[in-house]
Amino acid sequence: MSDEDFDNLPEPSLRNVVEQQSLNWIFVGGKGGVGKTTTSCCIGIQMALRRQKVLIISTDPAHNLSDAFSQKFNKDPTLVRGFENLYCMEIDANDDMDALQKEIEGVTGAGEEDGSVSSLVAELTSNIPGIDEAMSFSELMKQVQEMDYDCVVFDTAPTGHTLRLLSFPTILENALGKVMDLKDKFGGIINQAGAMFAGMRGGNAASGQQMTDALLGKLEETRGVINKVNTAFRDKNKTTFVCVCIPEFLSIYETERLVQELSKFGIDSHNIVVNQVLFPEKDAEELGEWYDENKSTLPKEAQDICAKMMARKRMQDKYIGQCFDLYGDGPDAFHVTLMPLLDFEVRGTDKLRTFSQNLVDPIDVEE
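Here the structure is a predicted model, which is why all the values come from computation and not from measurement.

1. Concerning the overall build of the chain
- What the chain contains, in helices and strands, is 14 helices and eight strands.
- Each of the 367 residues in the chain was classed as buried or not, and the buried ones make up 50%.
- Considering only contacts within the chain whose residues lie at least 6 apart along the sequence, 79% involve residues at least 24 apart.
- Split by element, the accessible area of the chain, about 17,600 Å² in all, is 50% carbon and sulfur.

The following block contains the structure:
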């Protein structure tokens, strides 16, 4: 891109996100292995400098927040060491489904020794794929809404899982429809069978009707929460999605797919973070000139190392250029933030705090 093109680009930083006071929900997503968790932590740290109380939630089954901060987190919000207003939590869908089963048992009076409730829940989750994750997410959002966090950062799973998360309202709608259809068609049989099954198991007299009503009521409550959250997610003043990638073909391609899908869901997205960039303040041509001038003075091994580095830098510059071409034009142009590849891992509060400054202090790509 020409210097004039760079002058017309939106500021290459996330300052537009962290300084938007109306934002309540910030999703961070992208292909696996591109640095989503590090980016989520850095955004959370920057938000904590500007907000009263910030929560980072990992919705990825393979949680990494504990590794990033070098501190153990669980399903309950835990204060991050070194902060007074930044919390983290890692959720597990299985735990939430167990809690759901116990709640229904409490409503119906069925105990753990009575397998009727667990059988019903297992049947529901096996016949309606994704319902367990959807209800888990609903329980999470209900908890978060009851808390007093003024900003929540979601460290999401790789793209496919994230898009599935955004489709939960549809899954729940289908689930509720199926349960109601079953109840209308086979309600009497189900109730009789449930009562008979409970009697044979030696449990109490909780009937199939009670269990069905309890589960149906929970589904309706869940749908209400999800639909309310879904409305908030489609409000660009409250919610935004930050896409994360690295300067390689597959990652850029996945990012384009994610941006298109987010557009279909009506979720705002106007920021892309490009991680692991070699010397983001310089271009391959400039480094190539230096290498050509000094190549003869370098030993053979150093020449091989520099040649590999130059090949990688040229490849990265090509895809970074494509990223600017795809997203840097027009009224809906994206803020594309380049994050440098470092000589060390970004782990622990101090390193994350320092690295997070790169999100708000843009690198001058024209230097």
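2. Examining the pairing of strand S1 (residues 25-30)
- In terms of residue burial, S1 counts as a mostly covered element, since six of its six residues are buried.
- Residues of S1 alternate between two faces, with Trp25, Phe27 and Gly29 on one and Ile26, Val28 and Gly30 on the opposite face, all of them buried.
- Bridge count between S1 and strand S5 (residues 151-155): four bridges; the pairing is parallel. When the bridges of S5 are listed, phenylalanine 27 appears paired with phenylalanine 154.
- Sheet topology places S1 next to strand S6 (residues 239-245); six bridges connect them, and they run parallel. Paired with valine 28 across the bridge in S6 is valine 242.

3. A closer look at the side chain of lysine 36
- Mapped onto the elements, lysine 36 comes out in helix H3 (residues 36-48).
- With near-sequence residues (within four places) excluded, lysine 36 lies in contact with Val28, Gly29, Gly30, Lys31, Asp155, Thr156, Ala157, Pro158 and Val244.

4. Some remarks on the packing of aromatic side chains
- Enumeration according to the criterion identifies nine aromatic pairs in this entry.
- On the basis of an interplanar angle of 10° and a centroid distance of 4.4 Å, the ring pair of phenylalanine 27 and phenylalanine 154 is categorised as stacked. Here phenylalanine 27, found in strand S1, pairs with phenylalanine 154, found in strand S5; they are 127 residues apart in sequence, far enough to count as distant.
- Residue phenylalanine 154 is classed as buried on the basis of its relative accessible area, which comes to 0%.

5. Examining the sheet that holds strand S8 (residues 335-340)
- If you walk across this open sheet you meet the eight strands as S3-S4-S2-S5-S1-S6-S7-S8, and the pairing is mixed. Two strands bound the open sheet, and with one partner strand each, they are strand S3 (78-79) and S8.
- Looking at chain direction, S6 and strand S7 (residues 271-277) are connected through four bridges and run parallel. Directly across from valine 244, in S7, lies its bridge partner valine 273.
- Packing against the sheet, helix H14 (residues 349-360) makes contact with S7 and S8, and its axis sits at approximately 150° to S8.

6. Brief notes about the packing of helix H12 (residues 284-294) against helix H13 (residues 300-327)
- Running from N to C, H12 and H13 point in directions that differ by 160°, and their axes come no closer than 9 Å. The pairing of H12 with H13 is recorded here as roughly antiparallel in orientation. Considering only the axes of H12 and H13, their crossing is left-handed. Of the residues in H13, those in contact with Ala284, Leu287, Gly288 and Tyr291 of H12 are Gln303, Cys306, Ala307, Met310, Lys313, Arg314 and Asp317.
- Broken down by class, the residue content of the contact of H12 with H13 amounts to six nonpolar, two polar and three charged.

7. Some points on H13
- Here H13 is 28 residues long and its end C-alpha atoms lie 41 Å apart, about the 40 Å a rise of 1.5 Å per residue gives.
- Among all positions of H13, only Gln303, Cys306, Met310, Lys313, Gln316, Tyr319, Ile320, Cys323, Phe324 and Tyr327 are buried.

8. A short note on the state of the cysteines
- Here the structure, examined in full by the defined rule, presents zero disulfides.
- The thiol sulfur of cysteine 243 is not disulfide-bonded, and the nearest other cysteine sulfur, from cysteine 245, lies at 8.2 Å.

9. Details of unusual backbone geometry
- One non-glycine residue, serine 70, lies in the positive phi region at around 55°.
- Along the chain, serine 70 falls in the loop between helix H4 (65-69) and S3.
- Residue serine 70 is classed as partly exposed on the basis of its relative accessible area of 38%.

10. Topic: the environment of leucine 14
- Its place among the elements puts leucine 14 in the loop between helix H1 (3-7) and helix H2 (15-18).
- In this structure leucine 14 comes out as buried when scored by relative accessible area, which is 1%.
- Considering only alpha carbons, one finds leucine 14 and asparagine 271, 257 residues apart in sequence, at a separation of 7.1 Å.
- Residues in contact with leucine 14, not counting those within four places in the same chain, are Ile43, Val242, Asn271, Val273, Thr337 and Leu359.

11. Some remarks on a negative patch on the surface
- A contiguous patch of negative charge on the surface is contributed by Asp283, Glu285, Glu289, Asp292 and Glu293.
- The residue glutamate 289 is located in helix H12 in this model.
- A relative accessible area of 46% places glutamate 289 in the partly exposed class.

12. Some words on the side chain of asparagine 271
- Along the chain, asparagine 271 turns up in strand S7.
- Within polar-contact distance, the side chain of asparagine 271 engages the side chain of asparagine 16 at 3.0 Å.
- A distance of 3.3 Å separates a polar atom in the side chain of asparagine 271 from a polar atom in the side chain of histidine 270.
- Filtering out sequence-adjacent residues up to four positions away, asparagine 271 remains in contact with Ser13, Leu14, Asn16, Val17, Phe241, Val242, Cys243, Phe334 and His335.

Rules of the game
- Residues numbered from 1 in each chain as written.
- Predicted model: local features only at pLDDT ≥ 70, side-chain atom pairs only at ≥ 80, totals over all residues.
- Heavy atoms only, no water.
- Helix = DSSP H or I, 4+ residues; strand = E, 2+ residues; numbered from the N terminus.
- Buried < 20%, exposed > 50% of the residue type's maximum accessible area, 1.4 Å probe, protein only.
- Contact = heavy atoms within 4.5 Å.
- Areas by Shrake-Rupley, 256 points an atom, 1.4 Å probe, with all protein chains shown as cover.
- Pairing = 2+ DSSP bridges.
- Phe/Tyr/Trp six-rings, centres within 6.5 Å; stacked < 30°, edge-to-face > 60°.
- Axes fitted to C-alpha atoms, helices over the stretch in contact; angles between N-to-C directions.
- Parallel < 35°, antiparallel > 145°, perpendicular 65-115°, else oblique.
- Left-handed = near helix turned anticlockwise from the far one by under 90°.
- Nonpolar A, V, L, I, M, F, W, Y, C, P; charged D, E, K, R; others polar.
- Expected span 1.5 Å × (residues − 1).
- Disulfide = S-S within 2.5 Å.
- Patch = residues over 30% accessible without salt bridge, like charges linked within 9 Å, V, L, I, M, F, W, Y side chains within 5 Å.
- Salt bridge = Lys/Arg side-chain N within 4 Å of Asp/Glu carboxyl O.
- Lys, Arg positive; Asp, Glu negative; His and termini not counted.
- Charge placed at Lys NZ, Arg CZ, Asp CG, Glu CD.
- Polar contact = N/O pair within 3.5 Å; in protein donor to acceptor, adjacent residues only side chain to side chain.

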